[in-house]
Amino acid sequence: MKHAKGILQRILQVIESAPLRMTRKRERLLAALVALDRPVSAAALRDKADLPASDLVTVYRTLETFEGIGIIQRIPLEDSGSLYELTEPNDHHHHFVCRECHRTERLDLCLGQELEKQAHTLGFTQVAHLMEVYGLCEDCQVAS
Ligand SMILES: [Zn+2]
Ligand SMILES: [Zn+2]
């Protein structure tokens, strides 16, 4: 899943206009996200950014900050933990996730409007939804 051309530029624009101080660690984490070009765990991201193990908390905090300004989408895993995907600001989509190797594919199906309608019928407001589909990818089927 390669990023469309120009995504980095748009992400940098978001960062520039956000009330956000880009520290060297944040810059390294952003560069690692771009280089990896796929959803990754916080630990894998820390490895790629070549930060010490003690910086894992910083990694989580940075990811949270990036999520707050809309350039990271968090993909919850089935058991525990999450993957983090660099995303176009305001892009909304779902994923297929391999539960073994955490390979992800974009899922171009969203029932958001339908869900919101139903939620409103039930009196819910400020509705949000998550939908991730878990399974075994082809490579992991062969391995097991
Ligand atoms: Zn797999
Ligand atoms: Zn959706």
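Treat the numbers as computed from the prediction; the structure is a model and nothing was measured.

Q: Would you take a moment to explain helix α2 (residues 24-36) for this structure?
A: Residues spaced three or four apart along an α-helix point in a common direction, a consequence of the helix completing one turn every 3.6 residues. The terminal C-alpha atoms of α2, which comprises 13 residues, lie 18 Å apart, in line with the 18 Å expected from a rise of 1.5 Å per residue. All of the buried residues along α2 are L29, L30, A32 and L33. Mapping the buried residues of α2 onto a view down its axis gives an arc of 160 degrees, with all of them on the same face. In α2, the exposed residues that point more than 90 degrees away from the buried face are R24, E27 and A35. Structurally, α2 contributes buried residues whose contacts are with α3 (42-48), α4 (56-68) and β2 (82-86). After α2 finishes, the residue D37 shows a positive phi value of roughly 55 degrees.

Q: Explain the domain arrangement of the protein chain to me, please; I cannot follow it from the model alone.
A: Accessible area lost upon the coming together of the parts is a frequently used measure of interface size. Looking at the protein chain, the domain boundaries give domain 1 (1-89) and domain 2 (92-144). The gap between the C-alpha centroids of domain 1 and domain 2 is 20 Å. Each partner contributes residues to the interface: domain 1 has 8 residues there, and domain 2 has 10 residues. By residue class, the composition of the side of domain 1 that touches domain 2 is 6 nonpolar, no polar and 2 charged.

The rules behind each value
Along each chain, the written sequence defines residue order, and numbers are assigned to residues from 1. Chains and ligands are labelled sequentially in the order written, the chains with letters from A and the ligands with numbers from 1. For a predicted model such as this one, the threshold for reporting local features is a pLDDT of at least 70, and the threshold for listing and counting side-chain atom pairs is 80 or more; totals across whole chains, interfaces and linings nevertheless cover every residue. A run of DSSP states H or I qualifies as a helix once it reaches four residues; a run of E qualifies as a strand once it reaches two. Both are numbered from the N-terminal end. Multiplying one less than the number of residues by 1.5 Å gives the expected span of a helix. Any residue whose C-beta has 12 or fewer other C-beta atoms within 10 Å is treated as exposed, any with 20 or more as buried, and any in between as partly exposed, C-beta atoms being built from the backbone. Relevant arc is that of directions from the helix axis to the C-beta atoms, nothing else. The contact criterion used is a C-beta to C-beta distance within 7 Å, with each C-beta placed from the backbone. Domain start and stop points were drawn from an automatic or database domain assignment. Three classes are used, and their members are as follows: Ala, Val, Leu, Ile, Met, Phe, Trp, Tyr, Cys and Pro are nonpolar, Asp, Glu, Lys and Arg are charged, and the others, Gly among them, are polar.

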